[in-house]
Amino acid sequence: MYKPGDDCISIGDFISNITIVDIFCGPGHGISIGSLGKDGSEATVENITVHRAQFFGTSNGVRIKTYQAGRGNVRDVSFVNLTFHEVQNPIIIDQHYCFSPNGCQDLDHAVHIDDVKYIGATGTSASELAFNLNCSKAIPCTNITLENILLGPASSIKNVKSSCNNAYGFSTGIVNPSSCLR
């Protein structure tokens, strides 16, 4: 059962072949894949599609979060036709998920994130980072697609930007803020 302040939808370990359509989410943490790979565990999540989702004042929009000690794969994930209304972190991948206030050190293994598509996203970000792809140096995110992304600032901020660490892929069509993929 959904509780305000929790994930609208949470996709955990060993989930595959799921399609999620016509979601209205808020308040809360948005749609999360993870957290995966806690305590070095194996994770496999694949063939996930989220289509026509709207987010209202959530702390996250669409998020993939993995612990560094984990192993396995997240692959073949599509987020299509998303609308964000004053969302704190509209698009986020965090391969450094942890509970330490000082963050976590890079490790030599991680859950591999591959073939993730963000296609057709519009709306406003309530933080300067409209999309934040924070991937592992040892096991970077690969084959990330940004296509027709148009995110602007909510009324509380002036500008939005993107941040990519060890995120590889390509962008096509209009992408705002500018793509930082390598």
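Structural notes, computed from the coordinates. (Residues numbered from 1 in each chain as written. Predicted model: local features only at pLDDT ≥ 70, side-chain atom pairs only at ≥ 80, totals over all residues. Heavy atoms only, no water.)

**As for the environment of Cys-180**
The condition is simple: Strands here mean DSSP runs of E at least two residues long; helices mean DSSP runs of H or I at least four residues long; both are numbered from the N terminus. Exposure classes here rest on a 1.4 Å probe applied to the protein chains alone. A residue is buried below 20% of its type maximum, exposed above 50%, and partly exposed in between. Whether two residues touch is decided by their heavy atoms; if any such pair falls within 4.5 Å, the residues are in contact.
Looking at the secondary structure, you find Cys-180 in the segment after strand E12 (167-176). On the accessibility criterion, Cys-180 (21% relative accessible area) is partly exposed. Expressed as a C-alpha distance, the spacing of Cys-180 and Ser-163, which sit 17 residues apart in the sequence, is 6.3 Å. Excluding residues within four positions of it along the chain, Cys-180 makes contact with Phe-131, Ser-162, Ser-163 and Cys-164.

**Thoughts on the pattern of salt bridges**
Any two side chains of opposite charge can pair if their charged atoms end up close together. Let me state the cut-off plainly: By definition here, a salt bridge exists when the distance from a side-chain nitrogen of Lys or Arg to a carboxyl oxygen of Asp or Glu is within 4 Å.
Under the criterion given, the structure shown has five salt bridges. Across the pair Asp-22 and Arg-52 runs a salt bridge whose closest N-O atoms are separated by 2.6 Å. Of this pair, Asp-22 sits in strand E2 (residues 15-25) while Arg-52 sits in strand E4 (residues 42-56), and the two are 30 residues apart along the sequence. When its relative accessible area of 43% is taken as the criterion, Asp-22 is described as partly exposed. By relative accessible area, which is 39% here, Arg-52 ends up partly exposed. Salt-bridge contacts for Arg-75 lead to Glu-46; the nearest nitrogen and oxygen are separated by 2.8 Å. In this pair, Arg-75 is assigned in strand E6 (residues 71-87) and Glu-46 in strand E4, connecting sequence segments 29 residues apart. Note on Arg-75: relative accessible area 33%, which makes it partly exposed.

**What to know about the pairing of E4**
Our working definition: At least two bridges found by DSSP between two strands is the condition for calling them paired.
In the sheet, E2 pairs with E4 via nine bridges, with the strands oriented parallel. Note that in E4 the partner of Ile-20 across the bridge is Val-50. Note that E4 and E6 share 13 bridges and pair parallel. From the neighbouring strand, Ala-53 faces E6, where its bridge partner is Leu-82.

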